[in-house]
Structure formats: C-alpha cells, structure tokens
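Residue-level listing of the chains:
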Number of protein chains: 2
Amino acid sequence: MVPEMVNGRKTIPYQGVDNYKPEGVFAARPVASCADYPRDGNKQVKDLKEALVKAGIKSGMTISTHHHFRDGDLIALRLFAIIRELGLKDMVWFPSASFPCHAPLIDYLEDGTIHHVEGSMNGPLGRYCSEGNMKGFGVLRSHGGRYQAIQDGEVHIDIAVIAAPTADTFGNANGLSGPSACGSLNFALADSQYADRVIIVTDNLVPFPCVPWQIQGNNVDFVVVEDKIGIPEKIVSGTTQITRSPDRLFIAELTAKFCETVGLLEDGFSFQSGAGGTSLAISTYFGDIMREKGIKARFARAGSNQFLVEMMEEGLVEYILDGQTFDLEGIRSMRENPMHIATSPFTSYNYHSKGNFAGMVDIVILGATEIDLQYNANVVTHSDGYLLHGIGGWQNCLFGKTVILPVPLFRDRIPVIVDEVTTFCGPGELIDVIVTERGIAINPLRKDLLDRVKGSALPIKTIGELKEEAERICGKPEKPRFTDKIVAVVKWVDGTVIDTIFQIQPPHQTNN
Amino acid sequence: MVPEMVNGRKTIPYQGVDNYKPEGVFAARPVASCADYPRDGNKQVKDLKEALVKAGIKSGMTISTHHHFRDGDLIALRLFAIIRELGLKDMVWFPSASFPCHAPLIDYLEDGTIHHVEGSMNGPLGRYCSEGNMKGFGVLRSHGGRYQAIQDGEVHIDIAVIAAPTADTFGNANGLSGPSACGSLNFALADSQYADRVIIVTDNLVPFPCVPWQIQGNNVDFVVVEDKIGIPEKIVSGTTQITRSPDRLFIAELTAKFCETVGLLEDGFSFQSGAGGTSLAISTYFGDIMREKGIKARFARAGSNQFLVEMMEEGLVEYILDGQTFDLEGIRSMRENPMHIATSPFTSYNYHSKGNFAGMVDIVILGATEIDLQYNANVVTHSDGYLLHGIGGWQNCLFGKTVILPVPLFRDRIPVIVDEVTTFCGPGELIDVIVTERGIAINPLRKDLLDRVKGSALPIKTIGELKEEAERICGKPEKPRFTDKIVAVVKWVDGTVIDTIFQIQPPHQTNN
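As the structure is a prediction and not an experimental result, all values here were calculated from the model. (Residues numbered from 1 in each chain as written. Chains lettered and ligands numbered in written order. Predicted model: local features only at pLDDT ≥ 70, side-chain atom pairs only at ≥ 80, totals over all residues.)

## Thoughts on the relation of the copies chain B and chain A
Alright, step 1. Superposition of chain B onto chain A requires a rotation of 180° combined with a translation of 0.0 Å along the rotation axis, giving an RMSD of 0.0 Å. The relationship between the two copies is best expressed as a two-fold rotation axis. In terms of C-alpha distance to the rotation axis, chain B has Ala 28 of chain B as its closest residue, with the C-alpha 2.9 Å off the axis.
Alright, step 2. The fraction of interface residues of chain B whose copies in chain A are also interface residues reaches 100%, indicating that both copies meet through the same surface. (Least-squares fit on C-alpha atoms with pLDDT ≥ 70 in both. Contact = placed C-beta atoms within 7 Å.)

## Let's talk about the packing of helix α8 (residues 246-261) of chain B against helix α9 (residues 277-293) of chain B
Describing two packed helices takes the angle between their axes plus the distance from one axis to the other.
Residue and element names in this part refer to chain B.
Alright, step 1. Where α8 contacts α9, the two axes come as close as 8 Å, and the packing angle between them is 45°. In this view, α8 runs oblique relative to α9, as classed from their interaxial angle. Here the hand of the crossing between α8 and α9 comes out right-handed. Residue-level inspection shows Arg 248, Leu 249, Ile 251, Ala 252, Glu 253, Thr 255, Ala 256 and Glu 260 of α8 in contact with α9, the latter providing Gly 277, Thr 278, Ala 281, Ile 282, Tyr 285, Phe 286 and Ile 289.
Alright, step 2. Looking at the contact of α8 with α9 residue by residue, the class counts come to 9 nonpolar, 3 polar and 3 charged. (Axes fitted to C-alpha atoms, helices over the stretch in contact; angles between N-to-C directions. Helix = DSSP H or I, 4+ residues; strand = E, 2+ residues; numbered from the N terminus. Parallel < 35°, antiparallel > 145°, perpendicular 65-115°, else oblique. Left-handed = near helix turned anticlockwise from the far one by under 90°. Nonpolar A, V, L, I, M, F, W, Y, C, P; charged D, E, K, R; others polar.)

## Regarding the interface of chain B and chain A
Alright, step 1. Taken together, the contact pairs 53 residues of chain B with 53 residues of chain A.
Alright, step 2. Residue assignment for the side of chain B that touches chain A shows that the elements contributing at least two residues are β13 (297-304), β14 (317-325) and α12 (345-348) of chain B.
Alright, step 3. Among the residues making up the side of chain B that touches chain A, the classes are represented as 27 nonpolar, 15 polar and 11 charged.

## Regarding the domain arrangement of chain A
All names here are of chain A.
Alright, step 1. Splitting chain A by domain gives domain 1 (35-118 + 155-235) and domain 2 (246-474).
Alright, step 2. Taking only C-alpha atoms into account, the centre of domain 1 sits 32 Å from that of domain 2.
Alright, step 3. Taken together, the contacts link 13 residues of domain 1 with 14 residues of domain 2.
Alright, step 4. The class makeup of the residues in the side of domain 1 that touches domain 2 is 7 nonpolar, 6 polar and no charged. (Domains from an automatic or database assignment.)

## With respect to the nonpolar core
Alright, step 1. Judged by nonpolar contacts, the single largest core of 345 residues is most densely connected at Ile 162 and Ile 199 of chain A together with Ile 162 and Ile 199 of chain B.
Alright, step 2. In contact with Ile 162 of chain B, other than residues within four places in its own chain, are His 66, Ala 173, Leu 185, Ala 188, Asp 191, Ser 192, Val 198, Ile 199, Ile 200, Val 201 and Ile 215 of chain B. (Core = buried A, V, L, I, M, F, W, Y, C linked by C-beta atoms within 7 Å. Buried ≥ 20, exposed ≤ 12 C-beta atoms within 10 Å, placed from the backbone.)

## What to know about the sheet that holds strand β18 (residues 377-378) of chain B
Residue and element names in this part refer to chain B.
Alright, step 1. Strand order in the open sheet formed by 3 strands is β18-β17-β22, with mixed pairing between adjacent strands. Either end of the sheet is taken by a strand with one partner, and the two such strands are β18 and β22 (417-418).
Alright, step 2. Of the strand pairs in this sheet, strand β17 (residues 370-372) and β18 are connected by 2 bridges, and their pairing is antiparallel. Across the sheet, Glu 370 pairs through a bridge with Asn 378, a residue of β18. (Pairing = 2+ DSSP bridges.)

See the structure below:
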C-alpha cells in the first residue's frame, strides 16, 4: 500500500528490483556566470546568517545538510536557529542523515519553523515521526537514492549548507584536516552540484587551493568561517571496537568460514564490510584467511576504520573505496594514501547512472532488524514498529555479488527472522545468505552456493528452521500495532516507493 | 559583424567582457538506469565499430574526441574510417582541438562524411577552412568556452569517443600510465558528463578500480580495447626545450625583471606559464629570483613540463594545477605527486560557473599573433589571414590579475603590433603588459603598474612607440584580403560571438 502523493509529489509504487524505467532528464540548475562572482575568487561573507540572506532564503525552502559529522554536528542546529530568528516557516530539512544530536529540532518542527524532515530519522526524530507528530511525510532513502532523487529533480534543494573541515575562500573543501576532520565530504556532493545556492561553513580556512577538492568551489556561492563547526570526539571515534560478544564473534567466524568454503576468498576478490563490531570481526577473520592463503583483495568498500587501514598497510587490500570514515586512522589513511579513495554516492550507489560500483563487490556484509522467510529484510524500523535507523547505503549494497546478513537469531528475546517484516526495505531476491549463531541459511535462488556447501561442515539450515528455532526459545512476539495514518515512506533505489510506515498505535509503548 | 545563425543556431553578439547574462538552465541528459548496464560493471565490447553501432550512431550526429594525444592521436582517424565504412554522412566532428595529424580528415570533409568541424582548426584543416571549402562554419572556442557550450546545451554531443591511456572495464579512465600516457584527460570531462553516449577506447586495460578516475565510469556506456591508440613520441615530448634564441631569452628575462620590479613576485604568489620556449625561460628566471628572495609560489597553473616539475620538487612551487601535460616528467609528477593536480576546463576556465580558477592567478604569461593599439589581441589567425591556431585556454587566462604578453616586435619581418587585429580574440581591457625585445608597454588602464615602474631602469614605452619602431624596421605589411564569405566565428568565453573569420581572397597565396 503506497500513498498516491508524498509531500506534494506524485509517487510511483515499487515495480521490482530492475523493472522501473525512468523518463525525463536530469535536474538542471540555472546557468551561472562568473560575472556574478568575485573575479579574485574570494566568496567569504561575514557569517552564516549573511550567507543565508544573500542566498535569498525564504519560508518554505528546502535546506540540506550532510551527516559526515554524525552526532558531533553543530551546523544544523545553528542553521535552524538563524532561520527561526529570521522568522521563516515551513522549511523542509533535507539532511543526508540525522542523529540524536538533532533532537532539539523537534522544537522547530513543533513551532512550524520546519515543516518536515525529508531524510533518515534516527532516535528521537524517528520516535517523533512514528508517533504521528510530523506535518509532512518522512521519506527514507538510501545514500544512492538520495543522490538519485536530487539528480532526477525529485527533490530540489534551494540552499545547501555544507560544513567543511577544510576549505578555501573559493569554496573548495574537504574533510581530511582541521579540528573537525571527518574524512570524506561526499554525502554533500549532490547538494553541491544541484542546489541553487551552496554555502560552505568551515573552521579551518586555508589559502587557495584547498586540495583535494571533494567539494568544488566552482559550485559554491558563499564561504563562511566559524569558530567551531563540530565536536571532534563525536564526529569520529578515536578507535573502533571489534565485538567482544562470544555469540557475535562466533557469527563473524562462521561468516568468514562460509566465504572461504564457497570459494569467495580468492586472490583479487573484493568485499564491503561496515564498522560495526561484528563486521570488524569478519574483516579480521578475512585477514587471517588471506594471510594463510597468501592472497590479497583488489579492493574493499568501506566505512573505513583502523582494522581495514591496517590490512591495506599490510598489503592485504590494494584499494579502499571509502564512503565514510569511522575513526582517526581512517582519516589519516585517506589523507595520506592515494590508494585510499573517497567515493561518493554517485560513483558507488546512484542507481540512475550508467552503472555504479555496488554490483562489482564480491562479498557484501550487511545487517538487518528483521528478515522474513522470503529473505526480504527491514533496516529502518524495530520490531516494535518505531522508526529507528536510516537506510544508509544498505539498499544500494544489496546489488553486490553475494550479500550476507550475519545477524543474531534474536535480540532481547525478539526473533530476527519473522513471517513478515514490519517494513519492507530490501527484496529477498538480492539477499543471499543469513548467518546466525545457530546456523546458516542460503537463499534457494543461489543454487551455486547450495552446491558449494555440500559436504562441508557448515551448519546449513533453511530459513524456516532458523525461525522455528528462535521461536522455540523466545516464543512468537506480539506484532506492533499501527493506526492507518501514514507517517513515512521508504524509497527503493530507483525512486519508487517500496513501503509505507504507519503511526504507532497510541498509547505509546516504549518497549525497547 | 556577426552572422545571425551559425550552424543552425542563433548567435548572440559579443557584449563586452562581463556584460552578457545567460538565461536558461544547464543541459540535462536523459535519466539513465543501472538496469540498462551490466550489473557486474563490465562494459567491454568487441571493438570501436561495435561500440558505435550499439551507441546508435546515425548520419548527422555530433561526435567528439579530445586532443590530449596532440599530434599522436590515432583515434579520430579510426573513428571516421568506421563512420565512412558504415556509410554515414554529414557528421559534425567536435574535437577539443585538432592537429596536423588530422589532415586526412579533409578527405572526409570532401566526401561528405564530415559536414563540418566544430572546434579549433590548426594547420591543414585551418587552411582548408580559410579557403572556404568547409560546408558549415568553423566555431572557435577557448577550452573554457567549449566546456560552457556543452554545459549550456549550445553543443549537444551525441557520442563522445574518449581515448584513454588507462581504463577499467567499467569505464573509469585516466591518462597517467600506459603506452599512450598523456597526463590528464580533462579536456574530455564535459564530453563524458553531457554526451548521450560515451565510449572509452584504451590500449591499457587494468582491473577495476582504475584510479584516479579522471573520467568516471558512471558516465561511460562502452569500453573498447585496441592495440595502439596513440603514438607516444607525438603525444608528449621526452624533453621540453627552453628557447635558445637570444632575442627570446632577452624578452623572457625582461618579463621576469618587470614582474620583480612591480612587486608581483612575493611569497605565496601564483603564475601561469606555458610550455613554449619563451614561457619556459620566464619560469626559469622566476625560479632564480625566487631562490634569491627566499620566496615560493603557492601554485603554478600549467601546461606542466620538466622545468616546472623541478621547481616544485625543489620547493619553489607548492602546487601545480595542471590543464595538460607537455612532457614525460610532467606525467610522472602528476602520477606520483598529490600536489600536482589535474585540473579541468570546468574548474579552471568555465565562465558559466560560480567562479573559476582563472581570476586567482597573479601573473599570466600568454602569446599572441597580433596586438593592436588598444591592446586587443589575436591568437587564431596569422597576419596573412589564415586560420592557424586554436584559442586553447588563452581567452580564459585573460582573467588573471596581471596578463603579460611577451612577444617579439616582429616575426619574419611582420610587425606584431598593428592598427587593427585581423581577428579580435581578446579585449584589450584584460591585457595589461606587452613585453618585446625593444621595450615594455603597459596598458594605460593599469595605472598601478605605471606607478610602480616609475624610476626603474625598465625600458617602458607606449604601445604606439613600439608599433612605430617595428614599422620603421619592417615597413607596414599589406593586409590580407578576404571575400565576404564567412568561414568561421570566434566565441568569447560566455558563448557570444566576438569576431568572424572570412574566406581568404583567391588565388590562394601560401606566404607562410
């Protein structure tokens, strides 16, 4: 069930993985002219307020920010404080993701400064949306889907405000250095290319040229210098931690063993693995196997972190193609090593492109909150029905050659494998393997993998068997109850609507 | 005098340096979809013919190539041989520049395979056009103007054929390695972004990822591997040569002295200098002064070459922002040194952008075939009226802070300073200084420079005095005679038509 209109735009319902054929042309900005910009390239103005006013900010506009600063972002709050001060109303906030630090924006949603958030809503904002309090619909997109939506003109950004750890007065910017260093700035790439007006806010101004220019000054209107744009210890962690949970370590080891057994770990292979505790453990087990076999990976897609950097520096991984940097070692490596490359949602994930990197990855490790018997999975809502996570690159990564979901069989006595996912985020035909602490299920579509595990010692089960086992232990949990009020939609990578999220039935339970 | 229509498009006459305000939006390609491309990213097809056919090539299409291979290009001829073999007619060839090696394309213009060349026409093609033999008009654009024309939709490229020294099967490509290494591929950037179909032709296929991706595979439709795509020794010279002419050396030294005297050589300054013999000598003199003063340049814009690379490696220049690489040392440096950066016509020169790099350069050294008493200059025709050169980045560089034209007072007994330039390519208000072997003329608009040379030993003269001196020595040459048939137009950086080139009056003289 998909609403006909979402935030004033007609929707197209999901039509299957590769079936929807887009029409029309990419979005196009008005032709700019150097005559309207200082010839000496200096676009610095006094402060963010002046930049916003010069950019022609008005009520009802769509304003974007990026989430490379994660829970250490100071710019979104400052931005909306200025907007409130200017007396503007009904803004659309279009972040590449939101974090708990953005909880104070609920006040701005309440007083009408912000009409709705068009982007992932984690934690407090997710709860606010799930309880039916937001005026517009939430629209959840993958990283690639956000690029696609901007590129295709589905979302028009009036003003992009890009927090930049390093920049010059021309507007060239990167995330590699400075007190707020975050690695890549590429989640803001589409914003810089397609927004009418682009404002760079930095706390580390350097003389032209700021190199590399992850964001190109040629797309920037104004540059603002502020004292402090982020909280370093909340932007990246000093160190990333491998899980210490014996169950998770076992799942990680089993995942690595599975990959080895079915022949996925061959010289020149590639893998994508996140920076969560289990993913890190899997990469580490991969490393052990690679050393033993004397092979190396051609590239790893990341979420970079110290463990992956160590593997590259040891020579186990030739290239890191990195969408976002999770710790200080990741940033150092991206700054120093030309084989550690900042990739963008355009190169990696954009589905409305002449191909992208996602399909070239041999082994993709992802998580899920729920998986159903058809291997369909959910990543945005909890089993209690609350919006909890953004999609991130999850949907995009499903196009990898072998997609593996290492998940615990249950969390807080709630089984992960269910009859039907609360929210349908990813089609089962793209999900190949589920690895749990009590066995591995292989999607029947992957006959090749089923063949290759024959005779192995791996604990292969059907997904039904895994589900029954979990339910024997935990029982079958009650389903969350919803009203018929739609609060958000989930987009597929091609811009179609794959599922709808409904308001939680009051009285609001907080069964976390 | 400007024709109303050029090759079927309405023209806008030149309106002054910064006066024309563009309307409309940037060109936009049809929305692509990954569904139409192989999921594993492998876009390789058998050969160029198959790629062209799959790209839907038809009579009348506009096909582009780049000129990074200079006189060693093998692809343009191969391309049109296939087009002729396919029996297609009336193609528009839209190169980023043409070279003497493209002379055989005159046959294709003769037999109707090519309707006209929309791009610079050097040597034999220039002569062919000047003599009124080409069906359509020649349209001469600067490097930045070519980007602008594509971006603004003035020229729509149906198929871009991009020769790539290194590429992967996804279409990521660069010019840094392989037998045909040429350095940057950025003259083909706009082609890759805006053409309907993009074909990469390489003789050096590497496993994904081909890094760095100067051309992004996400914009590429097909990849072709051929045995040999260029002639290395004609792509770049092994070594670049400083002029040995005493006159030219004197001009170079005088130019450097002038810059020092007026205070342009200060710590953190920037300069742009080409790879011609005189320009190289000027850079070398700059180096001497910098060593003596203990200063360094923040960046040099290039045309890179061994001399500039040596300066960077010595620590005299922090960054090289490089539009094209002229010798093997330039290529090595761009490959190895992250502070030697391949820039594109988008970053450096595109006038229909939110600023570009051109205006940030302190000292710009350029050439000219003719300069008039108002400092207007010509770079495309010789004093005999024949089309000889492309504009290159020349018009774009005029936006630098101080533009200096070091030129001999006469060439082959033809004075360079004239009453009126044969072709008006650059407005005198942007040209600051003329340095000749017999004196320096400063544009009266630059009162600051005139003040700063007061009391110096520099041989300052008026441009009128320089002209008289040349005419005393050489006499006043006869003007070329033209018919009233227009053969080409010259565009200004904003897409307006700044001048018109007429057919040479027959009988054709070959007074070179």
